[in-house]
Every structure is written in structure tokens, then in C-alpha cells.
Amino acid sequence: MDKKVVFSGVQPSGKLTIGNYLGAIKNWVELQDEYDCYYCIVDLHAITIPQVPKELRRSTLEVLALYMACGIDPDKSTIFIQSHVPAHTELTWVLNTISYMGQLGRMTQYKEKSRRSEENLNAGLFTYPVLMAADILLYQTDLVPVGEDQKQHLELARDLAIRFNNKYSETFKVPEPGIKDVGAKIMSLQSPEAKMSKSDADENAYILLLDDKDTIRRKIKRAVTDSLGTIAYNDEQLGLKNLIEIYSIFSGEKIPSIVNKYEGQGYGKFKEDLAEVVIDGISNIQEKYNYLMDNKDYLEKIYIKGAEKAEYQALKTLRKVYKKVGFLPR
Ligand code: ATP
Ligand code: LTN
């Protein structure tokens with residue numbers, strides 16, 4: 001029997017945070033044996049906000065190296081760059097024609113990003129989720145492992161699959177979201193009611209996968225907590241709650257056991273230990289990353305091979321779509 005299909009992606013827009021890792025990439029690793037996995041670097045999505053071309057090229061390679069350093073194995077999974085497979089933009093066009101302006105206008109990410117870039121409110125920002133739907137639907141994807149913030153976009157991808165299937169006949173698999181209970185929304189270290197984001201203006205708000213040890217210790221020490229002063233896991237102590245979750249996922253220790261261990265102690269010792277847990281959890285990734293970035297020829301081979309494999313699958317779906325909508329074959 002054929003394996004079920006997983007698809008996910010990250011934008012090469014700046015450095016990756018531990019939020020991207022815990023909410024997405026770490027979970028991708030666990031799916032590699034059971035599923036046929038496609039992990040994409042979504043550079044077409046990245047240009048919906050202004051990018052410096054030279055830096056975009058570098059970030060794209062960096063994200064590829066980070067995927068692999070985190071444990072994505074190119075012998076098991078297909079790793080590729082979105083712009084290398086033109087079928088993504090081609091299917092986007094077709095899906096645009098069955099997407100409703102109203103639904104796209106209600107997307108939270110669009111509303112937030114358009115508020116931030118009022119002077120450059122480009123159409124790409126608006127159709128961003130349609131491109132994401134195309135990414136997913138091209139591969140007849142069963143499962144999409146992402147963080148909580150992508151839930152609404154996934155709902156749209158499901159809607160478009162169903163709408164197309166109803167209009168023309170069964171064509172797309174309707175994908176399911178894979179969102180974890182813990183770790184799907186790592187919060188900002190400075191304002192724990194907001195998501196940790198790599199595009200945050202305050203660099204103390206996030207920990208990067210490539211931050212050095214002292215930076216990690218400093219950022220965790222400065223992380224916002226509360227004045228209650230007791231270690232507990234609840235919604236009144238959001239800052240602490242977030243830190244406990246980070247501790248739990250990196251260490252594998254259950255949340256109640258962590259709370260127990262630090263009960264009666266102040267936040268200082270807990271934060272010190274947390275910093276070491278995080279450092280421990282990512283030092284291996286950093287080592288592998290540095291090795292890979294010194295071997296760019298190898299990285300190039302990986303993404304060339306990845307694009308070939310991805311394109312083969314993508315074109316199968318695109319051909320069906322073109323036929324169903326009535327395009328005359330060449
Ligand atoms: P930005 O914050 O700059 O908009 P981003 O950090 O959300 O970007 P993306 O490339 O948009 O990065 O997201 C990649 C993946 O990481 C997605 O699956 C997303 O849901 C997940 N993710 C992003 N931030 C977090 C977070 N704070 N907690 C958990 N998962 C996250
Ligand atoms: N929009 C996503 C990135 C993304 C994606 C995808 C995730 C683009 N295409 C397909 C899963 C499946 C984000 O994280 N901002």
C-alpha cells in the first residue's frame with residue numbers, strides 16, 4: 001500500500017526561531033518513516049513582504065541546511081525549493097478563480113500583515129493562502145504539520161479542494177491539519193500573549209535556532225514572567241506557562257513533573273536550568289548546520305534532486321486539473 005503524504009513548509013524570511021522548530025520542524029522529523037514527506041522552502045511566499053535578493057538567496061540555503069540539521073533526512077523525505085517547481089504558481093492561478101474575495105479578506109494573517117505594510121499592500125499578500133493551498137493540494141496531501149497560526153489557512157485549503165472536487169469531479173485529496181497540543185504556539189518571551197515571531201522588532205522576544213549560548217542565557221533571564229513568584233502552570237502566569245512548555249518539549253519531561261521539581265523555588269533557578277535545557281536541545285543542530293553550510297555543493301545536489309522528485313508528483317496533479325477545467329492539451 002502507498003504511504004500517506006505529508007506536506008509542510010517554512011518561509012526563508014530571516015532566521016528560524018525555536019517556535020518554528022517546536023511548532024513545526026521537530027514534528028516533521030517524527031513523520032518521515034511512516035509517511036511520504038515533502039518539505040518545502042517557500043520562497044514564493046517570502047516575497048509577499050519585501051526581501052533583499054542577496055539575503056533571500058542566503059536564507060533559502062540556510063533554511064535548507066537547518067531542515068537537515070534538525071533531522072530531516074533527504075534519503076527519506078523530499079526537500080525542495082518552491083520556486084523550482086512552477087506547478088505551484090500554475091495551480092495557484094486556477095485556484096484563484098474559485099477563491100472568494102470575502103474569505104481571503106477574513107484571513108487573520110492577511111489582516112495583520114496588511115495593517116503592518118499599508119504603504120505596500122500588494123496583491124500577493126492577499127492571495128498568499130491560495131498559493132499555500134496549491135502547495136498542499138498538488139501532492140494529494142493527507143496531513144499538514146504546522147503551528148496553530150496556520151489553522152485558518154489550512155481550512156481554506158480544505159475548502160478549495162472540496163469546492164473544486166464538487167465543481168469538476170474528484171481531483172484533490174482533502175488534507176487534515178497536524179497541530180500538536182503542546183508547542184503549536186510558542187509565545188514571545190517579551191509579551192507572552194503574542195506568538196513568538198522571527199519578524200519581531202525586539203530580538204529579546206525570540207530565541208533563534210542559531211543563537212549562541214550566552215545569548216540564549218541572557219534572553220531567558222530577561223523573559224517576562226509575573227510578580228506571583230511561584231512556579232505553576234496556568235493561564236494567569238502566561239510567561240511562565242510558555243517557559244514550562246519550552247522546557248517540557250526540549251527535555252521530554254512531563255509538565256507536572258517539572259512544576260513539582262521547582263515548586264517552592266523562585267524563577268531564577270528554573271530559568272537558569274531552562275537555558276541549559278534549550279542549549280542542550282539545539283547544540284547538536286548548530287553543529288550539523290555549520291558543517292552543512294560549509295558544504296554548499298552537497299546542499300545544491302539535495303535541492304536539485306528534491307525538485308525533480310517533487311515536480312514529477314506535482315505535474316501529475318496539475319495535468320488532471322488542466323484537463324478538468326477544459327484547457328486544450330498541447
Ligand atoms: P513570521 O513570524 O515572520 O510571520 P513565522 O515565524 O511564523 O514567520 P513561518 O515560515 O511563517 O514563520 O512559519 C513556519 C512554521 O512555523 C509554520 O508551521 C508555523 O505555524 C510555525 N510557527 C511559527 N511561529 C510559531 C510559534 N511561535 N509557535 C509554534 N509554531 C510556530
Ligand atoms: N504559510 C506557512 C508556510 C507555508 C506552508 C505551506 C505550510 C507555505 N506553504 C504548505 C504548510 C503547508 C507559514 O508558516 N507561514
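Look above for the structure.
Worth saying up front: this structure is predicted, and the values here are computed from it rather than measured.

Colleague: Quick question: what am I supposed to make of the environment of Thr317 here?
Modeller: Topologically, Thr317 is positioned in helix H13 (residues 296–325). On the accessibility criterion, Thr317 (3% relative accessible area) is buried. Separated by 231 residues in sequence, Thr317 and Pro86 place their C-alpha atoms 13 Å apart. Excluding residues within four positions of it along the chain, Thr317 makes contact with Leu137, Leu138, Gln140 and Phe172.

Colleague: Sorry, what's going on with the packing of aromatic side chains here?
Modeller: Any pair of aromatic rings gets described here by the distance separating the centres and the angle formed by the planes. By the definition in use, this model includes 14 aromatic pairs. Each ring, one from Tyr322 and one from Phe327, has its centre 4.9 Å from the other, and the planes form 80 degrees; the classification is edge-to-face. Residue classification places Phe327 among the partly exposed positions, given a relative accessible area of 44%. Chaining the aromatic ring pairs together yields one cluster made of Phe7, Tyr38, Phe80 and Tyr139.

Colleague: How do you make sense of the environment of Thr171 when you look at a structure like this?
Modeller: Position of Thr171 among the secondary structure elements: in the loop between helix H8 (151–168) and strand E5 (176–178). Judged by its relative accessible area of 6%, Thr171 falls in the buried class. Considered as a pair, Thr171 and Leu138 are 33 residues apart in the sequence and their alpha carbons are 10.0 Å apart. With sequence-adjacent residues up to four places away left out, Thr171 is seen in contact with Gln140, Phe164, Asn165, Lys320, Val321 and Lys324. Within the structure, Thr171 has its side chain in polar contact with the side chain of Lys324 (distance 3.1 Å).

Colleague: Help me understand the site of ligand 2, please; the structure alone is not making it clear to me.
Modeller: Taken together, the neighbourhood of ligand 2 is formed by 13 residues, with His45, Tyr128, Met132, Asp135 and Gln150 sitting nearest. Tyr128 places a side-chain nitrogen or oxygen 2.6 Å from a nitrogen atom of ligand 2. Take Gln150: an N or O atom from its side chain is 3.1 Å from a nitrogen atom of ligand 2. For ligand 2, whose accessible area on its own is 360 Å², the fraction buried by protein is 92%. Looking at the shell around ligand 2, the elements that each hand over two or more residues are strand E1 (5–10) and helix H7 (123–138). Its residues assigned to classes, the shell around ligand 2 comprises 7 nonpolar, 5 polar and 1 charged.

Colleague: Would you explain the layout of surface pockets in this entry?
Modeller: A probe as big as a water molecule, rolled over the atoms, marks out the empty space that is left. Volume-wise, the second largest pocket comes out at about 290 Å³. Broken down by secondary-structure element, the contributors of at least two residues to the lining of the second largest pocket are strand E2 (36–41) and H13. Among the residues making up the lining of the second largest pocket, the classes are represented as 4 nonpolar, 3 polar and 8 charged.

Colleague: How do you make sense of the packing of H7 against H8 when you look at a structure like this?
Modeller: Any two packed helices are characterised by how steeply their axes cross, that is the angle between the axes, and by the distance between the axes. Remark: H7 packs on H8, axes separated minimally by 9 Å, with the N-to-C direction vectors making an angle of 65 degrees. Compared by their axis directions, H7 and H8 come out roughly perpendicular. You can see that H7 and H8 cross each other, and the crossing is right-handed. Packed against H7, whose contacting residues are Tyr128, Pro129, Val130, Met132, Ala133, Ile136 and Leu137, the element H8 presents His153, Leu154, Leu156, Ala157, Leu160 and Ala161 at the interface. Here the residues of the contact of H7 with H8 sort into 12 nonpolar, 1 polar and no charged.

Colleague: What is the right way to read H7 from this model?
Modeller: Since the α-helix turns once every 3.6 residues, residues separated by three or four places project in the same direction. The terminal C-alpha atoms of H7, which comprises 16 residues, lie 22 Å apart, in line with the 22 Å expected from a rise of 1.5 Å per residue. At Pro129, H7 shows its strongest bend, of approximately 40 degrees. Judged by how many residues are buried, H7 sits mostly within the fold: 13 of 16 residues are covered. Its side-chain oxygen placed 2.9 Å from the backbone nitrogen of Gly124, Asn122 serves as the N-cap of H7. Note on H7: the residue one or two positions beyond its end, Gln140, has a positive phi of about 55 degrees.

Colleague: Could you clarify how one ought to interpret a positive patch on the surface in this entry?
Modeller: Together, Arg106, Lys111, Arg115 and Arg116 make up a positively charged patch on the protein surface. Assignment of secondary structure puts Arg116 in helix H6 (residues 108–116).

Colleague: What exactly am I supposed to notice about the pairing of E2 here?
Modeller: Within a regular beta strand, the side chains point alternately toward one face of the sheet and then the other, so they alternate between its two faces. Summarising burial for E2: 5 of the 6 residues are buried, a large majority. Relative to E2, E1 is paired through 6 bridges, and the arrangement is parallel. Along E2, the bridge assignment pairs Val10 with Ile41. Read from E1 through helix H1 (residues 18–31) to E2, the crossover connection turns out right-handed.

Colleague: How do you make sense of the site of ligand 1 when you look at a structure like this?
Modeller: Around ligand 1, a shell composed of 20 residues is seen, among which Asp149, Ile186, Lys195, Ser197 and Ser199 lie nearest. One of the backbone nitrogen or oxygen atoms of Gly19 is found 3.2 Å away from a nitrogen atom of ligand 1. In this structure, Asn20 approaches ligand 1 through a side-chain N or O atom, which is 3.1 Å from an oxygen atom. About the coverage of ligand 1: the protein hides 95% of its 590 Å² of free accessible area. Looking at the shell around ligand 1 residue by residue, the class counts come to 6 nonpolar, 9 polar and 5 charged.

What counts and how
- Residues numbered from 1 in each chain as written.
- Chains lettered and ligands numbered in written order.
- Predicted model: local features only at pLDDT ≥ 70, side-chain atom pairs only at ≥ 80, totals over all residues.
- Heavy atoms only, no water.
- Helix = DSSP H or I, 4+ residues; strand = E, 2+ residues; numbered from the N terminus.
- Buried < 20%, exposed > 50% of the residue type's maximum accessible area, 1.4 Å probe, protein only.
- Contact = heavy atoms within 4.5 Å.
- Phe/Tyr/Trp six-rings, centres within 6.5 Å; stacked < 30°, edge-to-face > 60°.
- Polar contact = N/O pair within 3.5 Å; in protein donor to acceptor, adjacent residues only side chain to side chain.
- Near = heavy atom within 4 Å.
- Areas by Shrake-Rupley, 256 points an atom, 1.4 Å probe, with all protein chains shown as cover.
- Nonpolar A, V, L, I, M, F, W, Y, C, P; charged D, E, K, R; others polar.
- 1 Å grid on protein atoms, 1.4 Å probe; cavity = no way out; pocket = protein on both sides within 12 Å on 5 of 7 lines; lining within 4 Å.
- Points joined across faces, edges and corners; volume = space filled by probe spheres on them.
- Axes fitted to C-alpha atoms, helices over the stretch in contact; angles between N-to-C directions.
- Parallel < 35°, antiparallel > 145°, perpendicular 65-115°, else oblique.
- Left-handed = near helix turned anticlockwise from the far one by under 90°.
- Expected span 1.5 Å × (residues − 1).
- Bend = angle between axes of the 7 residues up to and from the residue.
- Patch = residues over 30% accessible without salt bridge, like charges linked within 9 Å, V, L, I, M, F, W, Y side chains within 5 Å.
- Salt bridge = Lys/Arg side-chain N within 4 Å of Asp/Glu carboxyl O.
- Lys, Arg positive; Asp, Glu negative; His and termini not counted.
- Charge placed at Lys NZ, Arg CZ, Asp CG, Glu CD.
- Pairing = 2+ DSSP bridges.
- Right-handed = clockwise from strand over helix to strand, strands pointing away.

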